[in-house]
Amino acid sequence: MVDNFNTPQIIKLPQILDERGNLSFLEEYNHIPFKIERVYWIYDVPGGEERGGHAYKENREFIIALSGSFDVILDNGKEIKSYSLNRSYYGLYVPEGIWRHMENFSTNSLAFIAASTAYQEDDYIRDYEAFKQNKS
Ligand code: TYD
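In this report, we go over the structure that sits alongside the text. In this text, all values refer to a predicted model and were calculated from it rather than measured experimentally.

### Notes on the overall build of the chain
So, step 1. In terms of regular secondary structure, the chain is built from one helix and twelve strands.
So, step 2. Listing the helices and strands of the chain from first to last along the sequence gives β-β-β-β-β-β-β-β-β-β-β-β-α.
So, step 3. For the chain, the C-alpha radius of gyration of 15 Å lies close to 14 Å, the compact-globule estimate for 136 residues.
So, step 4. In terms of overall dimensions, the chain has a C-alpha envelope of 50 × 35 × 25 Å along the principal axes.
So, step 5. Evaluated residue by residue, the chain yields a buried proportion of 40% over its 136 residues.
So, step 6. Of the contacts formed within the chain by residues at least 6 apart in sequence, a portion of 76% connects residues at least 24 apart.
So, step 7. For the chain, the exposed area adds up to about 8,000 Å²; of that, 46% sits on carbon and sulfur atoms.
So, step 8. Charged side chains of the chain number 14 positive and 21 negative; the gap between the two group centres comes to 3 Å.

### Things to note about the environment of His31
So, step 1. Locating His31 in the fold gives a position in the loop between strand 3 (23-24) and strand 4 (38-42).
So, step 2. Along the primary structure His31 and Pro14 are separated by 17 residues, whereas in three dimensions their C-alpha atoms are 8.8 Å apart.

### Some words on the packing of aromatic side chains
So, step 1. Summed over the entire model, instances satisfying the criterion amount to eight aromatic pairs.
So, step 2. An angle of 70° between the planes, with centres 5.0 Å apart, marks the rings of Tyr56 and Tyr124 as edge-to-face. Of the two residues, Tyr56 sits in strand 5 (residues 51-56) while Tyr124 sits in strand 12 (residues 124-125), which places them 68 residues apart along the sequence. Considered together, Tyr56 and Tyr124 belong to a single accessibility category, that of buried residues.
So, step 3. Overall, the relative accessible area of 15% leaves Tyr124 in the buried class.
So, step 4. Aromatic ring contacts, followed pair by pair, group Tyr56, Tyr119 and Tyr124 into a single cluster.

### Some remarks on unusual backbone geometry
So, step 1. Even without glycine at this site, Asp44 takes up a positive phi of about 55°.
So, step 2. Among the structural elements, Asp44 can be located in the loop between strand 4 and strand 5.
So, step 3. On the accessibility criterion, Asp44 (65% relative accessible area) is exposed.
So, step 4. The phi torsion at Asn104 lies on the positive side, around 65°, for a residue other than glycine.
So, step 5. Along the chain, the position of Asn104 falls in the loop between strand 10 (99-103) and strand 11 (110-115).

### What to know about the nonpolar core
So, step 1. Ranked by size, the top nonpolar core spans 19 residues in total, and within it Ile63, Phe70, Val72 and Met102 carry the most contacts.
So, step 2. Contributing elements (two or more residues each) for this core: strand 4, strand 6 (61-67), strand 7 (70-75), strand 8 (80-85), strand 9 (90-94) and strand 11.
So, step 3. The element best represented in this core is strand 7, accounting for three residues.
So, step 4. For Phe70, the residues in contact, after removing those within four places along its chain, are Ile63, Ile64, Ala65, Tyr83, Ser84, Leu85, Met102, Glu103, Asn104, Phe105, Leu110 and Ala111.
So, step 5. One finds Leu13, Phe34, Ile64 and Ala114 within the second-largest nonpolar core, a separate group that totals eight residues.

Rules used in this analysis
- Residues numbered from 1 in each chain as written.
- Predicted model: local features only at pLDDT ≥ 70, side-chain atom pairs only at ≥ 80, totals over all residues.
- Heavy atoms only, no water.
- Helix = DSSP H or I, 4+ residues; strand = E, 2+ residues; numbered from the N terminus.
- Rg over C-alpha atoms; globule rule 2.2 N^0.38 Å.
- Buried < 20%, exposed > 50% of the residue type's maximum accessible area, 1.4 Å probe, protein only.
- Contact = heavy atoms within 4.5 Å.
- Areas by Shrake-Rupley, 256 points an atom, 1.4 Å probe, with all protein chains shown as cover.
- Lys, Arg positive; Asp, Glu negative; His and termini not counted.
- Charge placed at Lys NZ, Arg CZ, Asp CG, Glu CD.
- Phe/Tyr/Trp six-rings, centres within 6.5 Å; stacked < 30°, edge-to-face > 60°.
- Core = buried A, V, L, I, M, F, W, Y, C linked by side-chain atoms within 4.5 Å.

Below, the structure written as structure tokens:
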């Protein structure tokens with residue numbers, strides 16, 4: 001579970017190791033600190049492409065590289081940090097109000113995202129200058 005709801009952090013999920021194949025899982029309010037209202041996934045990303053490039057006003061997310069690898073770059077308005085995701089039993093918790101983008105997708109990578117709100121375009125901040133101003 002996260003130790004601070006306002007701070008991005010890597011969370012290790014349970015692993016049930018088995019000679020027949022391994023299993024991991026996550027439960028809302030247990031391994032991640034929110035109720036899941038939506039899941040979506042990003043796949044078939046062409047080499048060199050980036051996704052994201054926005055912040056959310058309210059939505060919180062938990063991002064897992066279910067397959068392959070990619071980097072998530074987070075910007076809280078003061079500092080920028082890069083997180084490499086490459087294992088299906090680690091995820092990155094991203095609270096609201098963080099500018100983020102995803103890059104460096106490996107071939108056949110699969111990004112799975114659990115989100116705390118339904119999709120609402122008006123929850124997005126897509127203007128970086130507006131984001132920065134809001135933070136200052
Ligand atoms: P968006 O979140 O803007 O992706 P990115 O920031 O990587 O470009 O989503 C791309 C499009 O998909 C956008 O038109 C909205 C739509 N979309 C939904 O309809 N539902 C969803 O849950 C998500 C995440 C996106």
